[in-house]
Each structure stands twice: as C-alpha cells, then as structure tokens.
Amino acid sequence: MFWEKEIETISSSDLKKLQLIKLHHTIEKAKKSDYYKKILKKTKISTLKDIESLPFTSKQDLRDHFPYGLLAEDLTESVRLHSSSGTTGNPTVVFHTKEDIELWADLVARCMYMTGVRKHDVFQNTMGYGLFTGGLGFHYGAEKLGMLTIPVGPGNSKRQIWFMQQFSTTAVHILPSYAIHLYSSFQELSLDPKKDTRLKTAFIGAEPHTNALRVQIENLYGIKAYNSYGLSEMCGPGVAFECPQQNGMHIWEDHFYVEIIDPKTGQILPDGEEGELVLTTLKRSAMPLIRYRTRDLTRIINEPCLCGRTHRRIERIKGRSDDMLIINGVNIFPMQIEQTVMQFPGVGNNYRIEILKENHMDRINVLIEVHEEIFNGTLSKLDQLKNQIIEALKSECGVTPKVKLVEPESLPINEGKAVRVFDMRRNEEE
Ligand code: ADP
Ligand code: ZN
C-alpha cells in the first residue's frame, strides 16, 4: 500500500496524461479563490505546455492577499492552517482540508517507506510541532505507516537521548544542524550512538546542507541519512525525497507539476540546468497554487534512477535565490563555504559566516569550530589548517575571507533552522 508501484514507476506518457487531468482540476478549483478568479478567467489549457502562459505566483502574492485571498474552498472545509515564520511583514498562511491532510500523510508515508522503514520501526520526531510543517507533517505520515511515533519535538538533547534509549528509536526526523549538535550531547554523556542506540535511519531536511554534512551525520551515528525536501506552500515535507540510491530527491510528479526557471528572466530551463524550482499543486483542495516560485535553486537530474522510480529527481537544494551573498561583486552561496570547510577532517560541528563593511569594502569572516585536539594542539598545526582553509575558500569562492578557528561548542546554535549567515553591512551603512 505504501509502495505504490503503479504510480511510482508510471511511464512518462501516462504521467503527462494524469498531470493534464489534474491540472484542469486544479485550475477549476483555483478559480474559486479571489486571487486566481481574475488571473485565470480566460485560461484555456489543452496541453501541459499551456501552463507557461500563466503568471507565476510568488510569496509576496500570498502576503498581499493574506489571509484568505487564495483560499479556494469555503473556510468551513478547512481543518488546519500552517504558517511560515513571517519575520518580514505578514506571514504566509496555508489552509488544508481533511483530504489535503490525508494526501499529505500518504505522501510522507510513501517517502519514508521508500527508504526502508516499516511498521515495526520506532520513529522519533525532533522537529518543531505547531505552525511549522516539519512536526505534524511527519507525524501523520509516520502514524499512517503504523510506526510507534514519539512526538518529542525540538531541543532538550538529554531528553531526546533518553527517549531514544528507552524506546529503542530506530528512525528520527531531524534538522541536519541539530543532528550534529545532538552528537555532542551523546559525547557529554559518554555515550556512542552507534553502540548505545538502535538508530538506523535519519530523515534530514528543512534547511540547506551539503553532502559532506550528510556523510558526517551518517558516520557519527552509523546510520543512513535521507534528504527530505518540502515547503509549507505545497503541503510541507513530502514534496521530494531521497530513495535508497541517495542521489537526488524524487519529486512526486503525481502531486506537483515541476518547472525550473531562470530566476532573473523567468524563462523555463531545460532539464539539467540549474535554476529556481517552480511548482504547481495537482491535488490540493483548500489552497491550490499555480506556478509557485519556491526561490529554491536546484536542477533536474537528467537520468533515470537505478531504483526504478520514474518521477524525476532534483539535486540537493543549493540555497534560496535570496541567500546569495554578493561580496565585492562576487556571488557566493553559503553552501559553497560549507562544502569547502567540511572537507577538512579537523573541522568540528558548527560554523558562522559574518559579512561586514571595512573601508567601504565587503569583508567576509568565517568562524569555524575545530576538534578539541586541534584547538588545544600546537599553534603551528592550527595555523596550517587555517591557511589551508583560506586557500580552499579562495579558490572555491573567488574571495579571500578572514578565518578564525574556534573552540568546539563555542558558536551559538538556535532551536529550529540553523542561522549561520550574519550580514552586518546594512546596519553599518545606516
Ligand atoms: P520558511 O520559508 O519559513 O522556512 P518552510 O518551513 O515552508 O518555511 O520552509 C521551506 C523551505 O525550507 C524551502 O523552501 C527550502 O528553502 C528549505 N528546505 C526545506 N527542505 C530542504 C532541504 N532538504 N534542503 C534544503 N533546503 C530545504
Ligand atoms: Zn530512486
């Protein structure tokens, strides 16, 4: 039931037929909302390609029509709302009917089953419950799969470990940054997760991370870690997920119509080229979205997957288009820095990027935690590592950062998605 062979290995022509039917359905539904009523008034879709004549929907559109502008069903049909953090202006809210919640849980169950977890697994959810979709989204999927589900929520590392040990947790849903932090709590308790827990699977996502960080998590815990991608506007987690091949995430094309565009021109890019992911919901009822600009940068992996699933794969998210840093005219993504820094075995669990203005020039400082033995080792070893990192960053990013190697656990962490970039330029100029 959770391995939906027919749908997961559907042929490309059958998928297109299915998508066209669902797209018609979505457009008819969306026309009921105040926002899409005018936009879609004269819309005639005869082929999937006709979608390209429709305008994009942006996060700003959701904000501007807050709170009910995109609601396509009577509010009494909605049973839940989720919301993004909304640090800048109105938050965006997303409504769900009972059917939306069911379909979302099915999707998350499909994702987890794909990686090999089963009913007998014990699942611990360390993501935030509440308005954030990471908690409840996985929770419902895990219960649907029939697993014993422990809704611990975020933080309180000692309690996390206690539950893992008491109930022999085998699978966790965890932020990659928190997985690294949690490991240090195991160390403080003189525990080794490899020997002292039954963990075998982690679902990591909700924030950009490199493959190097995933491998580090896998090695520290002796587990497999699968990349999980989602966003609240589509439902939440469950949009795209890694299969056992761990090489890109299958994006579920029976639920979402996928386009990759050039973020500057809006032009559609061919498979294989990197750009912004644009998604259209195909099954959502309460709040269908058409050509939603996710701002997430990725590309379609243009080869069939060895697992046999035919839904195309997207590469791990490079970052959001608005994460890009411009340092003295050079474009840099924070993930390039993570990838470079993590190559060095002496590098520890956390890092922080600071950008400031110095004599009208941009200056980038990278603070990096290193392992205890390196930090307390000889000065020349520490200097050597620092210079190697500077050289590597220079060649990867094209700018010369200042690098400071700091003590383990000395950089602050926050509960929830990791915040590692501190751009102080604006404040200083004001
Ligand atoms: P917010 O926009 O407030 O963070 P969401 O909780 O909906 O709201 O977060 C969705 C966003 O989180 C995605 O658009 C993406 O930028 C990021 N994200 C989610 N999963 C991943 C992942 N596996 N890898 C990288 N980024 C991710
Ligand atoms: Zn696959």
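Everything here concerns the structure above.
What you see is a predicted model, and the numbers here were worked out from it, not measured in a lab.

(A) How the structure looks around the pattern of salt bridges. Taken as a whole and assessed by the stated rule, the structure comprises 31 salt bridges. Here Glu-338 makes a salt bridge to Arg-420, at a shortest N to O gap of 3.6 Å. Remark: Arg-420 occurs in the loop between strand 20 (402-406) and strand 21 (421-423) and Glu-338 occurs in helix 11 (residues 334-341); sequence separation between them is 82 residues. Taken as a pair, Glu-338 and Arg-420 share a single burial class, namely buried. Residue Arg-425 is joined to Asp-362 by a salt bridge in which the shortest nitrogen-to-oxygen separation is 3.1 Å. Note that Arg-425 is positioned in helix 14 (residues 425-429) and Asp-362 in strand 19 (residues 361-370), a separation of 63 residues in sequence. The burial state of Arg-425 is the same as that of Asp-362; both residues are buried. What emerges from the salt-bridge pattern is a single network uniting Glu-4, Glu-8, Arg-110, Asp-254, Lys-283 and Arg-309.

(B) Region of interest: the packing of aromatic side chains. Within the structure shown, the criterion is met by 13 aromatic pairs. A centroid spacing of 5.9 Å and a plane angle of 40° characterise the contact between Phe-2 and Tyr-113, whose relative ring orientation is tilted. Of this pair, Phe-2 sits in the segment before helix 1 (5-8) while Tyr-113 sits in helix 5 (residues 98-114), and the two are 111 residues apart along the sequence. Overall, the relative accessible area of 17% leaves Phe-2 in the buried class. Residue classification places Tyr-113 among the partly exposed residues on the basis of a relative accessible area of 24%. Relative to Phe-241, the ring of Phe-203 lies with its centre 5.6 Å away and its plane at 55°, an arrangement referred to as tilted. Of this pair, Phe-203 sits in strand 6 (residues 201-205) while Phe-241 sits in strand 8 (residues 236-242), placing them 38 residues apart in sequence. The exposure classification of Phe-203 matches that of Phe-241, with both residues buried. Three or more aromatic residues joined by ring pairs make a cluster, and in this case those are Phe-123, Phe-138, Phe-203 and Phe-241. The ring of Tyr-140 has Arg-80 lying over it, and the distance from NZ or CZ to the ring centre is 4.9 Å. A cation over an aromatic ring shows up here: Arg-118 above the ring of Tyr-113, its NZ or CZ 3.5 Å from the ring centre.

Quick notes on the rules
One numbering rule holds for all chains: residues counted from 1, following each sequence as written. Labels follow written order: the first chain is A, the first ligand is 1, and so on. Reporting in this predicted model follows two pLDDT cut-offs: at least 70 for local features of residues, and 80 or more for side-chain atom pairs to be given and counted; totals over whole chains, interfaces and linings ignore these cut-offs and use all residues. As a convention, hydrogens and water are excluded, and side-chain values are obtained from all of the structure's heavy atoms. Any carboxyl oxygen of Asp or Glu that lies within 4 Å of a side-chain nitrogen of Lys or Arg is treated as forming a salt bridge with it. Here a strand is any run of E in DSSP of at least two residues, a helix any run of H or I of at least four, and the numbering for each starts at the N terminus. Exposure is judged per residue with a 1.4 Å probe applied to protein chains only, and the accessible area is read against the type maximum: over 50% gives exposed, under 20% gives buried, and values in between give partly exposed. The criterion for an aromatic pair is that two Phe, Tyr or Trp rings (for Trp, the six-membered ring) have centres within 6.5 Å, with stacked assigned to planes under 30 degrees apart, edge-to-face to planes over 60 apart and tilted to the rest. Throughout this description, the term charge over a ring refers to an Arg CZ or Lys NZ atom that lies within 6 Å of the ring centre and within 35 degrees of the ring normal.

These figures come from the coordinates and say nothing about function on their own.
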